[in-house]
Amino acid sequence: MTLPAAFLNIPLAHRALHDLAAGRPENSRAAVRAAVDAGLGIEIDLQLSADGKPMVFHDYGLERLTAERGAVRMRDARALAAIPLKGGDEGIPTLEEILDLVAGRVPLLVEFKDQDGAMGPDVGALEAAAAELLGRYRGDLAVMSFNPHSVRALARLLPEVPRGLTTSAYRPDEWPLPAATCDRLREIADYADSGSCFISHEADDLDRPRVAELKAEGAAVLCWTIRSQAEEEVARQVAQNVTFEDYLPRPRP
């Protein structure tokens, strides 16, 4: 399995092409429409609603991105859809809505947020719910997660969809995880047995030897999150593509 060429050739807008000043919150329909109109790839995040619907939303809690408080997973999809995103005039979208908006016109990278809470094996409901929709999607599509158990679940549910690991330096002071878990995830030990064909790695850790090793073995290397053209030029010394926000990448030759 290999990542479609579009994921290496077209920069990926982080949480879609968001810009609060323009009324486009992250992971919103407006941000997705803007990315499609600009011909840019899109990265989105998934969380699960109380009634088992995949919602396009990054955080576990509502407070940063909306005027509400509490966990996303404690409200059903209809209630979440009625909550306006800060800086916009639309509610939280479902995955189904976003798939209909993109409709195969640009590459779509879907990140499954860890539902276990500690990168453990208590996952599956979000992956299964999303797989019903993603399995019918037609267009350049890839899936990924920080949690290797989620990627393994996706391998079973969507064996034909390219999958990868979202990877990081896993600095213990930045992650609410045991040191041993950080150590394992940092070394990307689950790449092979999760059936991954790419990683999306933390940009300021791209010089990690394990990243070079995987790239030499044929893994595609994406990175997150790039916020300027200067950062992009540095990242591209290792990474084949960038996930970006706060600027527009220059067209590649």
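Residues numbered from 1 in each chain as written. Predicted model: local features only at pLDDT ≥ 70, side-chain atom pairs only at ≥ 80, totals over all residues. Heavy atoms only, no water.

Draft legend 1. Just the packing of aromatic side chains, in detail. Counted according to the given criterion, the structure contains five aromatic pairs. Measuring from centroid to centroid gives 6.4 Å for Phe-146 and Tyr-170, while their planes differ by 85°, and the two rings are edge-to-face. Of this pair, Phe-146 sits in the loop between β5 (141-145) and α6 (148-157) while Tyr-170 sits in the loop between β6 (163-167) and α7 (179-186); the two residues are 24 residues apart in sequence, bridging distant segments of the chain. Considering the side-chain rings of Phe-146 and Trp-224, the 5.9 Å spacing of their centres and the 85° angle between planes classify their relative orientation as edge-to-face. Separated by 78 residues along the polypeptide, Phe-146 in the loop between β5 and α6 and Trp-224 in strand β8 (residues 220-226) bring together distant segments of the chain. (Phe/Tyr/Trp six-rings, centres within 6.5 Å; stacked < 30°, edge-to-face > 60°. Helix = DSSP H or I, 4+ residues; strand = E, 2+ residues; numbered from the N terminus.)

Draft legend 2. Inspection of unusual backbone geometry at higher detail. Cis geometry marks the peptide bond from Trp-224 to Thr-225; its omega dihedral reads -25°. Relative to the helices and strands, Thr-225 resides in strand β8. The phi angle at Ala-16 is positive, at roughly 70°, despite the residue not being glycine. Here Ala-16 lies in the loop between β1 (12-14) and α2 (29-38). For Ala-16, a relative accessible area of 2% corresponds to the buried category. Positive phi is not limited to glycine here, since Tyr-170 has a value of about 50°. (Buried < 20%, exposed > 50% of the residue type's maximum accessible area, 1.4 Å probe, protein only.)

Draft legend 3. Main features of the nonpolar core. By size, the foremost hydrophobic cluster in this structure holds 61 residues, and its most contacted members are Ile-42 and Leu-134. The dominant element in this core, judged by the number of residues it contributes, is helix α5 (residues 125-134), at six residues. The next biggest cluster of nonpolar side chains, apart from the first, holds 10 residues, and it includes Met-55, Leu-62, Ile-83 and Ile-92. (Core = buried A, V, L, I, M, F, W, Y, C linked by side-chain atoms within 4.5 Å.)

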